[in-house]
Amino acid sequence: MIKYLGSKRLLIPEILRVIRSLPEVRTVIDLFSGTSRVGHALKAAGYRVLANDHNTYAETLARCYVQADREDVLEDARRLVAELNALPGEPGYVTRTFCEEARFFQPKNGARIDAIRRAIADKSLPPELEAVLLVALIEAADRVDSTTGVQMAYLKSWAARAHGDLELRVPEVLSRATWGKGQAHGLDALAAAAALEADLAYLDPPYNQHSYLGNYHVWETIVRGDAPEAYGVARKRVDCQERRSPFNARTKIRASMEALIDAVRAPLLVVSFSDEGYLSRPELEVLLARRGPVRVLSFDYKRYVGAQIGIYSPRGEKVGRVSHLRNTEMLYVVGEGRHADAVAALLER
């Protein structure tokens, strides 16, 4: 899967352990699905997953990793990936914008991205199969990019991986989960909370100023297949200035989180949040206690890869020191009604 700020890769075993310890969970809502690492792991564990994210690239990742089932798409995906890998490059918007005006990819790989994206569009494929191919494309692009892990900037000197040749691989699509076929949605989180119903809701909201659309605007553009007006050294989509999440604003996150907690249609909640977030642990515990007893599990981790590398300007020049290299990730577990006793039995740590 793609490099991603806030990825819960290391936390997934704990998330699964907690959910498995709670009774009667068959269907899980993932309201901020991102790369769908969590949704993919839940599906592999047998849960029916209803994934949601308002960014198009994230909805597409969920359609591949949560909604699409291996038995339905794998044969066609293998054939089409081989066909797309044989295409020669044909420069277009990606080459011009992200290779010439910016330096995210070598031009040879930008031209391949352009050619493959056009070929996928021309095939008018069923949504799930198209999603599998689009994910194969952005994952291939991720393997040859020249960034510190986010697309706010590119490196001043080319990353070693950027000199490689772009090659698609079939994503790790899973067979249908034991408890039923998953779904991918592209709704605002509050709208999804009101529309979707499950046994448990997993919430992993943005928690500080870092915008996922701004950090991954290249994936958004490749998946959409559009040619938006771009601005700045990083050539971000102009709608990065308009599509702002209230969870990225210190003045709005509390009210937004409160509304979301109230709207969720599930008796059990598991919430991921970092000590780098705009809401403190006591604040979150107060908000979540409206739904039942709260237990908190905390885990110490290295910060995301960009923090390990350092702070860079939009031109890829190192400009400062990182204040800290570790952070604490917390899982808040909440249960109401007959589920309260199961939550209360969890040991805090």
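Summarised in this report is the structure supplied together with it.

Calculation notes
Residues numbered from 1 in each chain as written. Predicted model: local features only at pLDDT ≥ 70, side-chain atom pairs only at ≥ 80, totals over all residues. Heavy atoms only, no water. Helix = DSSP H or I, 4+ residues; strand = E, 2+ residues; numbered from the N terminus. Rg over C-alpha atoms; globule rule 2.2 N^0.38 Å. Buried < 20%, exposed > 50% of the residue type's maximum accessible area, 1.4 Å probe, protein only. Contact = heavy atoms within 4.5 Å. Areas by Shrake-Rupley, 256 points an atom, 1.4 Å probe, with all protein chains shown as cover. Lys, Arg positive; Asp, Glu negative; His and termini not counted. Charge placed at Lys NZ, Arg CZ, Asp CG, Glu CD. Phe/Tyr/Trp six-rings, centres within 6.5 Å; stacked < 30°, edge-to-face > 60°. Core = buried A, V, L, I, M, F, W, Y, C linked by side-chain atoms within 4.5 Å. Disulfide = S-S within 2.5 Å. Pairing = 2+ DSSP bridges. Right-handed = clockwise from strand over helix to strand, strands pointing away. Bend = angle between axes of the 7 residues up to and from the residue.

## Focus on the overall build of the protein
- Broken down by element type, the protein carries 14 helices and 11 strands.
- Over its C-alpha atoms the protein spans a radius of gyration of 20 Å, differing by no more than 12% from the 20 Å that the globule rule assigns to 349 residues.
- For the protein, the spread of C-alpha atoms along the three principal axes comes to 60 × 50 × 30 Å.
- For the protein, buried positions account for 58% of its 349 residues.
- Considering only contacts in the protein between residues 6 or more positions apart, those separated by 24 or more positions represent 78%.
- For the protein, the exposed area adds up to about 14,700 Å²; of that, 49% sits on carbon and sulfur atoms.
- Side-chain charges in the protein split into 48 positive and 45 negative, and the spacing between the mean points of these groups amounts to 4 Å.

## Quick word on the packing of aromatic side chains
- Tallied over the full model, the rule gives 6 aromatic pairs.
- Note on F32 and F247: the rings are 5.4 Å apart at their centroids and 80 degrees apart in plane angle, and the pair reads as edge-to-face. Taken together, the residues span a long stretch of sequence, with F32 in the loop between β1 (27–30) and α2 (37–44) and F247 in the loop between β6 (236–237) and α11 (253–263) at a distance of 215 residues. The same class applies to F32 as to F247, namely buried.
- One aromatic cluster is present, built from ring pairs that chain together Y93, F98, F104 and Y154.

## A few points about the nonpolar core
- With 51 residues, the main nonpolar core has Y57, F105, L168 and W219 as its most contacted residues.
- Counting residues per element, the ones that place at least two in this core are α3 (56–67), α4 (70–85), α5 (93–100), α6 (107–123), α7 (127–142) and α10 (217–224).
- In this structure, L168 is in contact with V81, L84, N85, I116, A136, L137, A140 and R143, ignoring residues within four places of it in sequence.
- One finds F32, A201, L284 and V334 within the second-largest nonpolar core, a separate group that totals 32 residues.

## Concerning the state of the cysteines
- Overall, the coordinates contain 0 disulfides when judged by the stated rule.
- Its sulfur unpaired, C240 is 18 Å from the next cysteine sulfur, which belongs to C99.

## Regarding the pairing of β1
- Of the two faces of β1, the one carrying T27 and I29 and the one carrying V28 and D30 are both buried.
- Summarising the sheet, β1 and strand β2 (residues 48–52) pair through 4 bridges and their orientation is parallel. Across the sheet, the residue bridging to I29 is L50, located in β2.
- Running through α2, the crossover from β1 to the neighbouring parallel element β2 is right-handed.

## A few points about α4
- The largest bend in α4 comes to about 30 degrees, at A77.
- Within α4, burial applies to V73, L74, A77, L80, V81 and L84.
- At its buried positions, α4 is contacted by α6 and α7.

## Thoughts on unusual backbone geometry
- Of note in the backbone geometry, S36 takes a positive phi value of approximately 70 degrees without being a glycine.
- Tracing the backbone through its elements, the reader meets S36 in the loop between β1 and α2.
- We classify S36 as buried; its relative accessible area is 0%.
- For R235, which is not a glycine, the phi torsion comes out positive at approximately 55 degrees.

## Structural notes on the pairing of β2
- Most of β2 is tucked away: 4 of the 5 residues are buried.
- Sheet topology places β2 next to strand β3 (residues 183–185); 3 bridges connect them, and they run parallel. When the bridges of β3 are listed, A51 appears paired with A184.

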